[in-house]
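Examination of the molecular architecture
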Amino acid sequence: MKPENVQITQAWRDALKNEFQAPYFDELAAKLHFLRSEGRIIFPPGNLIFNAYNMTEPKDIKVIIIGQDPYHNLGEAMGLSFSVPRDVRIPPSLKNIYKELVNDIGILLPSHGDLTFWASQGVFLLNAVLTVEKNKPASHRDIGWQNFTDHTIKYLSEHLEGLVYMLWGNFAKSKKTLINHDKNLVLESVHPSPLAGNAFQGCRHFSKANDYIKSQENR
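An account of the accompanying structure is given in this report. (Residues numbered from 1 in each chain as written. Predicted model: local features only at pLDDT ≥ 70, side-chain atom pairs only at ≥ 80, totals over all residues. Heavy atoms only, no water.)

**A word on helix α3 (residues 23–37)**
For α3, with 15 residues, the first-to-last C-alpha span of 21 Å sits near the 21 Å given by 1.5 Å per residue. Among the residues of α3, Y24, F25, L28, A29, L32 and L35 are the ones counted as buried. Along the long axis of α3, the arc covered by the buried residues comes to 140 degrees, so they all point the same way. Pointing more than 90 degrees away from the buried face of α3 are the exposed residues P23, E27, H33 and S37. (Helix = DSSP H or I, 4+ residues; strand = E, 2+ residues; numbered from the N terminus. Expected span 1.5 Å × (residues − 1). Buried < 20%, exposed > 50% of the residue type's maximum accessible area, 1.4 Å probe, protein only. Arc of directions from axis to C-beta.)

As structure tokens, this is what we get:
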């Protein structure tokens, strides 16, 4: 698949040109086309698959939050990790993220789960897998997306420095080998899911990120 045929900004097309032209990406696109031709419902909608990329270009990124794959229920996935549209109930994991935000840096608790504002402020909300089949969590885990997003993380680590990587849960932590720890801040924690109890609370990732970003600006 040619980069110009992908709904993504020119900056990302240039950055990931080799990935778009790689055989695995053609195979991935063909697989998605086949699944749709069978009547499978895939989230997010096609125009939002690269939403995280389109909302936050490489030069604007300050923080990277890595999720696993999109929400699999109707109307939830919007191409930004942990984010849901404003008219959708806030998911339990995001509620815990908000709780930590309030306790850590004292911001007002948002009344919705749309993280578009975060993305516009330089938070790259990247899911490692960019699509999912309706009601089938992790159904697209092995179709090639992780190859693409791993190269995304590698690109950012190789070409940019002074970024904050927030790795929540064992899946996200598995990506730490892709990151240059000498040039960036890598923060690790348990997943914010209620299944982890209250272990996410008190990680103070948000204040740590703010302090690090300020220190980079003052260099």
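**Points about the pairing of strand β2 (residues 63–67)**
Of all five residues in β2, five are buried, a share of seventy percent or more. Residues V63, I65 and G67 of β2 are buried on one face, and the alternating residues I64 and I66, pointing to the opposite face, are buried as well. Judged from the three bridges that link them, β2 and strand β5 (residues 164–168) form a sheet pairing that is parallel. By the bridge assignment, V63 is partnered in β5 with V164. (Pairing = 2+ DSSP bridges.)

**Looking at the sheet that holds β2**
Taken together, four strands build an open sheet; the order of strands is β3-β2-β5-β6 and the sheet is parallel. If you trace the sheet from one side to the other, it starts and ends with β3 (123–127) and β6 (185–189), each paired once. Here the average twist between neighbouring strands, direction ignored, is 20 degrees. As judged from the five bridges shared by β2 and β3, these two strands associate in the parallel manner. (Axes fitted to C-alpha atoms, helices over the stretch in contact; angles between N-to-C directions.)

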